[in-house]
Structures are given as structure tokens and as C-alpha cells.
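# Observations on chain architecture
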Amino acid sequence: MSAWNTRHIPHQHGRVTVVTGANSGLGLVTATELARQGAKVVLAVRDTAAGVRACDVIRDAVPGAQLEVRGLDLASLVSVQAFAKGLTAEFPAIDLLINNAGVLTLGPARTTADGFELHMGTNMLGHFALTGLLLDSLGRADAPRVVNISSITHKNAHLDFDDLMSQNAYQASRAYNRSKLATTVFGLELDRRLRAADSLVLSVVAHPGMSRSNLNPRAYQDRGRVERLMARAVLLFLQSSGKRGALPQLHAATAPGVRGGQFFGPSGFKEVRGRSVKETRPGVEAADPGTGRRLWTAAEELTGVTYL
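Attention in this report is confined to the structure presented alongside it.

Definitions and limits used
- Residues numbered from 1 in each chain as written.
- Predicted model: local features only at pLDDT ≥ 70, side-chain atom pairs only at ≥ 80, totals over all residues.
- Heavy atoms only, no water.
- Phe/Tyr/Trp six-rings, centres within 6.5 Å; stacked < 30°, edge-to-face > 60°.
- Helix = DSSP H or I, 4+ residues; strand = E, 2+ residues; numbered from the N terminus.
- Buried < 20%, exposed > 50% of the residue type's maximum accessible area, 1.4 Å probe, protein only.
- Pairing = 2+ DSSP bridges.
- Axes fitted to C-alpha atoms, helices over the stretch in contact; angles between N-to-C directions.
- Contact = heavy atoms within 4.5 Å.
- Parallel < 35°, antiparallel > 145°, perpendicular 65-115°, else oblique.
- Left-handed = near helix turned anticlockwise from the far one by under 90°.
- Nonpolar A, V, L, I, M, F, W, Y, C, P; charged D, E, K, R; others polar.
- Right-handed = clockwise from strand over helix to strand, strands pointing away.
- Core = buried A, V, L, I, M, F, W, Y, C linked by side-chain atoms within 4.5 Å.

Moving on, we come to the packing of aromatic side chains. Under the criterion given, the structure shown has five aromatic pairs. Aromatic pair Phe-128 and Trp-296: ring centres 5.0 Å apart, planes at 75°, arrangement edge-to-face. Taken together, the positions of Phe-128 in helix α4 (residues 118-139) and Trp-296 in helix α11 (residues 289-303) put the pair 168 residues apart, joining distant regions of the chain. Grouping residues by exposure puts Phe-128 and Trp-296 together as buried.

Once that is clear, we can look at the sheet that holds strand β6 (residues 202-206). Here eight strands make up an open sheet; going across it, the order is β3-β2-β1-β4-β5-β6-β7-β8 and the pairing mixed. Each end of this open sheet is capped by a strand with a single partner; those strands are β3 (66-71) and β8 (277-279). In this sheet, neighbouring strand axes are inclined to one another by 20° on average, regardless of whether the strands run parallel or antiparallel. Relative to the sheet, helix α2 (residues 48-61) contacts β2 (40-45) and β3, its axis offset from that of β3 by approximately 170°. Sheet contacts for helix α9 (residues 247-254): β4 (96-99), β5 (145-149), β6, β7 (263-266) and β8; angle to β5, the most-contacted strand, approximately 160°.

The next point concerns the packing of helix α3 (residues 77-90) against α4. At their nearest, the axes of α3 and α4 sit 10 Å apart, and the two run at 20° to each other. With respect to each other, α3 and α4 are oriented roughly parallel. Here the hand of the crossing between α3 and α4 comes out right-handed. Between α3 and α4, the contacting residues are Leu-77, Val-80, Gln-81, Phe-83, Ala-84, Leu-87 and Thr-88 on the first element and Gly-126, Ala-129, Leu-130, Leu-133, Leu-134 and Ser-137 on the second. Classifying every residue of the contact of α3 with α4 gives nine nonpolar, four polar and no charged.

Covered by surrounding structure in β4 are Leu-96 and Ile-98 together with Leu-97 and Asn-99, the residues of both alternating faces. Direction of pairing for β4 relative to β5: parallel, over a ladder of four bridges. Within β5, the residue paired with Leu-96 across the bridge is Arg-145. Chirality of the crossover, the property in question, places the unit of β4, α4 and β5 among those that are right-handed.

Turning our eyes to something else, we now look at the pairing of β3. Here six bridges tie β2 to β3, and the two strands are oriented parallel to one another. Bridge assignment links Val-42 to a residue of β3, and that residue is Glu-68. Running through α2, the crossover from β2 to the neighbouring parallel element β3 is right-handed.

Attention shifts here to the nonpolar core. In this structure, Met-124 and Leu-159 are the most contacted members of the largest nonpolar core, which totals 45 residues. Only β1 (16-20), β2, α3, α4, α5 (172-196) and α11 provide two or more residues apiece to this core. If you tally residues by element for this core, the top one is α4, at nine residues. Beyond its immediate stretch of four places on either side in the chain, Leu-159 contacts Met-120, Leu-164, Arg-178, Leu-181, Ala-182, Val-185, Glu-285, Thr-291 and Leu-295. Counting 35 residues, the second-largest nonpolar core is a separate cluster that includes Val-29, Leu-34, Leu-67 and Ala-253.

So this is what it looks like as C-alpha cells:
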């Protein structure tokens, strides 16, 4: 694959795109680049005031950008349902859904409004429900795609179906890694089911490597001052989310010739960073169809959202 970058993004005029967590970090970069190419971008954000500020940032970079802010709290199924209902009423056809939002906190165990472990509930189950509720609208679009954002840490995780909510011997980093494994499993299983249904919707997965993000310092908000300072120091060694971190998800979302089930990451050594994008392989557990079927069943039971 040649050195793909944002200059290779084809025009997005007339396309309706939804980016969760678009008010900061990788989501903000992604929303900006899609708007730059003419897309109508819906910033799906928990904090709508932050979303409005993000719109100002995007419009400074892209005068005339077509933007809309809508409230979405992925840690609440009620919020997910309300968001989907309002969005599909206004946009019967949605071209692109980027499930970008995520939470990483290294403090004590927390739960969502529905009682799910915070990482699993927000990073995977919220997006699972959202995708299902938007799938009909995605199916009405021309060349629609769903992009789920993984992490290289998913390869070090294991899904314990007897303890999906990490209630036994809770470790925050392990819970986060599990949620990203679940997100990757979901994206690949979604592809299998879409193909089996002869759907035109493509499901693609991407990960940013190790990138600067607002998640990094926020993860340490419950830790001591020294650990918070160390977390900020680590950012100096990570690649810029603005220049490179968002490239894999932008490629997955827009590049011609992308196939359902592909997985993209940074082109550099060990996929930690890179100046471009390459296709890579998910972890063995993430790619296992049996794990995909099992997680899908669990997600439907937990969220009450059933599809495909």
C-alpha cells in the first residue's frame, strides 16, 4: 500500500457522516478531515457544549463546514435510543458511522447508567446498540460504512464470558483492553453478518497505534500527582493524533476499494506509530467466528437491541 494520507481522501459531498466522540482527540481530527472534503458531519458527543466548541475549531480550519452537534451518552441506552430516533427522523439515509468514542479510566470500577462496567458499556455495548438502531438508515445510503475503533491492546486481552463486566478482581487496564477486544470482535462479526445478509453496508475496523489523545491524561485523573505528571510526559513519545493517529480510521472510512472485515493500523514498526496506513491482522481471539457469535448473543441480551 502506498503512503496514504489525508490528501487521498476522496470528496465526501452529499454524504452524511456520524462521528461519536467528535469533540476532541481522534474524533475531532476525523470530523475535521471529513468536513474538509464536503461531508455533512454529525458530532455525536456526550457534552454538547464541548461539541459546539469543536464546531468552532473545525470551522476555523474549514470555513463553511457542514456540522451538527447532537447529544449522545454511550453509557446510557436511553440516550443511545433517543439519539438514534432523532437522527434517523432527520436523516433517513446515513452514509458513514464512525464508532470512535471511548473511555479509559484507571481509577476504581465504575458502571454505566444501565449497570454495565464502564469500559465495556461505553466502548462496545453502547456502539453495538447505536449501530443496530442506525442500520436501516445506513442500508438506504450509497456505499455505506461502519468503522469501529480498536486498540493494539486488544491482542493482550481475553473475553471471559462468565465475567464480561470484570467484577472478579477488577483491574482497570484489563477492563479497558477487554472492551477493545470486544469492540474488535463486534466489528468483525458485524462484517460476517452483513455479508450473510447481502447488505451493501461495509464493516471495517481500525486502530490508531499509540497516539496522543485526551484519553491519556484523563485515564489518570483518579491517580496521584506524580502518576498524572508521568502520564503527561509519556504523551511526548506518542505520535500526534492530528497528523497520524486518525489516518487508519479515515482510510477505513473513505478509501476506495476497502472491503468489509479489513483491519487497518499505522504503517510503522509494531503498528505503534507510522506515517501512513497498512492493513494488519487482528488478534486470534478477535478473529474467531465462535467468539463473535457468542459476544453478539450476549450484546443483544444486555442491550435489548437485536439485528441481523
